[in-house]
Amino acid sequence: MPEDNGAEQNALPEASQGPGGRGLKLHHLRPAPGAHKAKTRIGRGEASKGKTAGRGTKGTKARNTVRLGFEGGQMPLQRRIPKLKGFSNAGFGTSYQVVNTGRLAELFPEGGDVTPENMVARGAARKGELIKVLGTGELAVALRVTAHAFSASATAKIEQAGGSVTELS
């Protein structure tokens, strides 16, 4: 009685033949039967989603696209918001990098000169931005601080500790 060679019949021909065709190659791979389903061809006759083509029945969205910003007849947002009203000084304001006196005491425990370059090098402020020194924290060492702006309490604490304040213009 002959043996059942069902396994050999399903094998790909190049996968097992000769020394040149050994092993499985990428170009031999095929998807499993039934793994790929044909895509639905919309609008190609009433047999398959043909009549309304998945758009429902009647209405604007069934006939053509709704324009951008349309809100169903209600006054649209771009017409409800006022156009060019008022004036704001927000774009003209000056913003500072804030450094507290307590932070200066941590970064410069030995005292000495404190300049914007030194503060940037030690990570207290970002490069190229204005620096304002505020008076939060305690200061025990004499510092000669140079910055773009100072609060009144920061000036008092630095001078009380024996240091000096120089404001850059």
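Up top is the structure these notes are about.
Heads up: these notes are all about the structure in this document. (Residues numbered from 1 in each chain as written. Predicted model: local features only at pLDDT ≥ 70, side-chain atom pairs only at ≥ 80, totals over all residues. Heavy atoms only, no water.)

**Quick look at the overall build of the chain**
No. 1: The helix and strand tally for the chain stands at seven helices and six strands.
No. 2: Ordered by position in the sequence, the α and β elements of the chain form the string α-α-α-α-β-α-β-α-β-β-β-α-β.
No. 3: For the chain, restricting intrachain contacts to residue pairs at least 6 apart in sequence, the fraction spanning at least 24 positions comes to 38%.
No. 4: In the structure as shown, the chain presents an accessible area of about 13,500 Å², 52% of it carried by carbon and sulfur atoms. (Helix = DSSP H or I, 4+ residues; strand = E, 2+ residues; numbered from the N terminus. Contact = heavy atoms within 4.5 Å. Areas by Shrake-Rupley, 256 points an atom, 1.4 Å probe, with all protein chains shown as cover.)

**Let's talk about the sheet that holds strand S2 (residues 112–114)**
No. 1: Taken together, the three strands give an open sheet; going across it, the order is S2-S4-S6, and neighbouring strands pair in parallel fashion. Because the sheet does not close on itself, it has two edges, and the strands there are S2 and strand S6 (164–167). Ignoring which end each strand starts from, the neighbouring axes of this sheet average 15° apart.
No. 2: Strand direction decides the pairing type here: strand S4 (residues 143–147) and S6, joined by four bridges, are parallel. What sits directly across from Thr 146, in S6, is Thr 166. (Pairing = 2+ DSSP bridges. Axes fitted to C-alpha atoms, helices over the stretch in contact; angles between N-to-C directions.)

**With respect to the pattern of salt bridges**
No. 1: Considering all chains together, one arrives at five salt bridges under this definition.
No. 2: Among the salt bridges present, the one from Glu 110 reaches Arg 122, with a minimum N-O distance of 3.9 Å. Taken as a pair, Glu 110 in the loop between helix H5 (101–107) and S2 and Arg 122 in the loop between helix H6 (116–121) and strand S3 (131–134) lie far apart in primary sequence, 12 residues in all.
No. 3: Residue classification places Glu 110 among the exposed positions, given a relative accessible area of 56%.
No. 4: The exposure class of Arg 122 is partly exposed, given its relative accessible area of 40%.
No. 5: Here Arg 144 ties to Asp 113 by a salt bridge, and the two come within 2.6 Å at their closest N and O atoms. Here Arg 144 is found in strand S4, whereas its partner Asp 113 is found in strand S2, with 31 residues between them in sequence.
No. 6: Judged by relative accessible area, Arg 144 falls into the partly exposed class, the value being 45%.
No. 7: The exposure class of Asp 113 is partly exposed, given its relative accessible area of 45%. (Salt bridge = Lys/Arg side-chain N within 4 Å of Asp/Glu carboxyl O. Buried < 20%, exposed > 50% of the residue type's maximum accessible area, 1.4 Å probe, protein only.)

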